[in-house]
Amino acid sequence: MLQPASKSTSLDLASLNGDVLSEIASYVRGHDALNLALTARRFHDFAIHRVASVVVCRTRTQLARLHTHLLAGVPKRAVYLRSLTIYAPTFIERPWQEDPNWIFPKNTYEYSNASMVGDILQAAPNLTHVYIEHTAPLLQHDPRIGLALASMTRIARLELCDIDSNILPVFTNLRSHPRVLHISPVKAETNTDVARLLDLVRDIIVTLSPLRELHALDLDLKGVPAPQETRIVPTPLPQLRQLSVHWWHPQLDVAKTFPNLEVFEQHINSVQLRKSPQQPLRRLSVTELQTFETAKHPVHLLHLRRYPRELRAFRRTVYETSPVGISMHCFIDTPVWLKYWHQLPRAAPRLRFMDIHCHTWERQHQPGWVDKFIQTLRRYSLVCLRIVAPQPPTADALDAPWHEDDVQTLAELPDRIMQAMPSLRYIAWAAKRRAPGWHMDDYAWYEDAYDCAPADYTWYRVEKTEGGRTLHAIPAGQGERVRRFLLDSELDQITSIDKHLRL
């Protein structure tokens, strides 16, 4: 049996000398540093300056206060920064509400405080994440910003918005080896601007070639129209595995520029997606779906970023991509959608798992509509289903109340779906979608598969008993292991999930 340490052998942290306490404090940051600083007055001076390791700035006043705080102390507190985010409102001189042009009001920006950004960046060599809006005017007002970014060695995620050609020296001389890069050029007003910015994108892609650790590129081109007479000569970036594009340009050949792409996301006009990459994608994430010009191109996970407007085109795309998994928002109460649910298994014979966030369209429902949706699932060969179910309207809602049988069926949804789908092995059920959140230490969201239905799920495993099949609740951690297995494994392993996954 372990005995409590005696007073003669226990370690009194407060008795340690300053060098040792300083070394201990060097391993904590954020909330941990704050907790240590509040433990005792002896620890306060060693830990309190490490609290502000993640900084988000949204106003001119915040920037001035951060400038004073981060440049104080020996060493300066900025050396403990790990993440710095500076949003555009930091530089607002006059908000749009005060613009006398009441028809098309605009914010007015002023960058006299750019030198404060330069001071902070020069004093913060240990940053691993940098996000800066209005980068181009900031570089014009203080070139030290670009020099500081280029000189840093630990940046893993770099996000620069509203850039122009002045950013090229940063990428050319970049000493860091980022895994995630987000770039968005300034808005183009004329054809000359468009040509210049497309040249800039081409030049940036050329400078990215030596960045062998670059894993994900987020390219935002929504401010740059797509002229038909020009085309960017591709510079292959075989190291890139994930590409996220806002307003894709047909001038940039995705198949040739990113030959080893595994994840392709489009945020806006996916209707321009014409050609598929050379190898099967692990994930294709799009807003509007367009039939590929090439032959069938299998996709592991097909994610629809919003409701499909035209179900026939969506079904055709499902057929041509033949996904193993589908993640999507959907309706479950209209005749058109019920027909779609009937036809989907034939369009996607490899389909084994789905993440669906369900909604209702009708204002007044006929009794039995929930059971009709459940019956459409009998043709599926899913091994796992994650579902966010709709909730009955509240008393003050415009929708008519649901029939008691439908409310009861929704309450028993996991068991009803299990009975309708013999192949099912796991089901995760949530009655309400979780509000979107952001963890300040989670900069690598590209590293995880996109999740269209985040929620506080209750997970079940389907077990066979003498009396038939029953649902057995499992911890959320085991449920996440199931989800990870589905995202990372191949079709045959997923089909035989009981053999290959041991919880």
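The structure this text deals with has already been given above.
Predicted model, so just to flag it, every value in this text is computed and none were measured.

Draft legend 1. View of the overall build of the protein. Secondary structure summary: the protein contains 18 helices and 18 strands in total. Across the 503 residues in the protein, those meeting the buried criterion constitute 50%. In the protein, the share of contacts with a sequence separation of at least 24, taken over all contacts with a separation of at least 6, comes to 62%. Here the protein displays about 25400 Å² of accessible surface, and carbon together with sulfur accounts for 53% of that area.

Draft legend 2. Layout of the nonpolar core. One finds Leu 121, Trp 341, Met 354 and Ile 356 to be the most contacted residues of the largest nonpolar core, which totals 105 residues. If one sorts the elements of this core by residue count, helix 9 (residues 191-208) sits on top with eight residues. Contacts of Met 354, omitting those with residues within four sequence positions, involve Ile 326, Trp 341, Leu 344, Tyr 380, Leu 382, Cys 384, Leu 385 and Arg 386. Counting residues in each nonpolar core, the second largest holds 20 residues, with Phe 353, Cys 384, Trp 459 and Ile 474 among its members.

Draft legend 3. Summary view of the pattern of salt bridges. The final tally for this structure, using the stated rule, is 15 salt bridges. Salt-bridge contacts for Asp 142 lead to Arg 144; the nearest nitrogen and oxygen are separated by 2.8 Å. Overall, the relative accessible area of 5% leaves Asp 142 in the buried class. Take Arg 144: its relative accessible area is 26%, and that puts it in the partly exposed class. Glu 463 is the salt-bridge partner of Arg 461, the closest N and O atoms lying 2.8 Å from each other. On the basis of relative accessible area, Arg 461 is assigned to the partly exposed category, the value being 22%. Each of Asp 119, Asp 142 and Arg 144 takes part in salt bridges that share partners, so that together they form one network.

Draft legend 4. Structural context of unusual backbone geometry. Look at the link from Val 74 to Pro 75: it is a cis peptide, with omega at -5°. Positioned with a positive phi, Asp 162 is a non-glycine residue whose angle comes to about 60°. Within the secondary structure layout, Asp 162 lies in strand 6 (residues 157-163). Residue classification places Asp 162 among the partly exposed residues on the basis of a relative accessible area of 25%. Even without glycine at this site, Ser 322 takes up a positive phi of about 45°. Position of Ser 322 among the secondary structure elements: in the loop between helix 11 (311-321) and strand 13 (325-331).

Draft legend 5. The arrangement of a nonpolar patch on the surface in detail. Judged by side-chain polarity, Leu 34, Leu 38 and Ile 48 come together as a nonpolar surface patch covering roughly 240 Å² of accessible area. Inspection of the secondary structure assignment puts Leu 38 in the loop between helix 2 (30-37) and helix 3 (41-47).

Draft legend 6. Representation of helix 13 (residues 369-376) in the model. Residues Trp 369, Val 370, Phe 373, Ile 374 and Thr 376 constitute the buried set of helix 13. Looking straight down helix 13, one finds that the buried residues subtend no more than 155° of arc, so they occupy a single side.

Draft legend 7. Layout of the packing of helix 11 against helix 12 (residues 335-347). Running from N to C, helix 11 and helix 12 point in directions that differ by 15°, and their axes come no closer than 10 Å. One element, helix 11, and the other, helix 12, form an angle in the roughly parallel class. In this structure, helix 11 meets helix 12 at a crossing whose hand is right-handed. Seen from helix 11, the contacting residues are Leu 311, Phe 314, Arg 315, Val 318 and Tyr 319; seen from helix 12, they are Val 336, Trp 337, Tyr 340, Gln 343, Leu 344 and Ala 347. Of the residues contributing to the contact of helix 11 with helix 12, the split by class is nine nonpolar, one polar and one charged.

Calculation criteria
Residues numbered from 1 in each chain as written. Predicted model: local features only at pLDDT ≥ 70, side-chain atom pairs only at ≥ 80, totals over all residues. Heavy atoms only, no water. Helix = DSSP H or I, 4+ residues; strand = E, 2+ residues; numbered from the N terminus. Buried < 20%, exposed > 50% of the residue type's maximum accessible area, 1.4 Å probe, protein only. Contact = heavy atoms within 4.5 Å. Areas by Shrake-Rupley, 256 points an atom, 1.4 Å probe, with all protein chains shown as cover. Core = buried A, V, L, I, M, F, W, Y, C linked by side-chain atoms within 4.5 Å. Salt bridge = Lys/Arg side-chain N within 4 Å of Asp/Glu carboxyl O. Patch = residues over 30% accessible without salt bridge, like charges linked within 9 Å, V, L, I, M, F, W, Y side chains within 5 Å. Arc of directions from axis to C-beta. Axes fitted to C-alpha atoms, helices over the stretch in contact; angles between N-to-C directions. Parallel < 35°, antiparallel > 145°, perpendicular 65-115°, else oblique. Left-handed = near helix turned anticlockwise from the far one by under 90°. Nonpolar A, V, L, I, M, F, W, Y, C, P; charged D, E, K, R; others polar.

Geometric descriptors of this kind do not, in isolation, establish any biological role.
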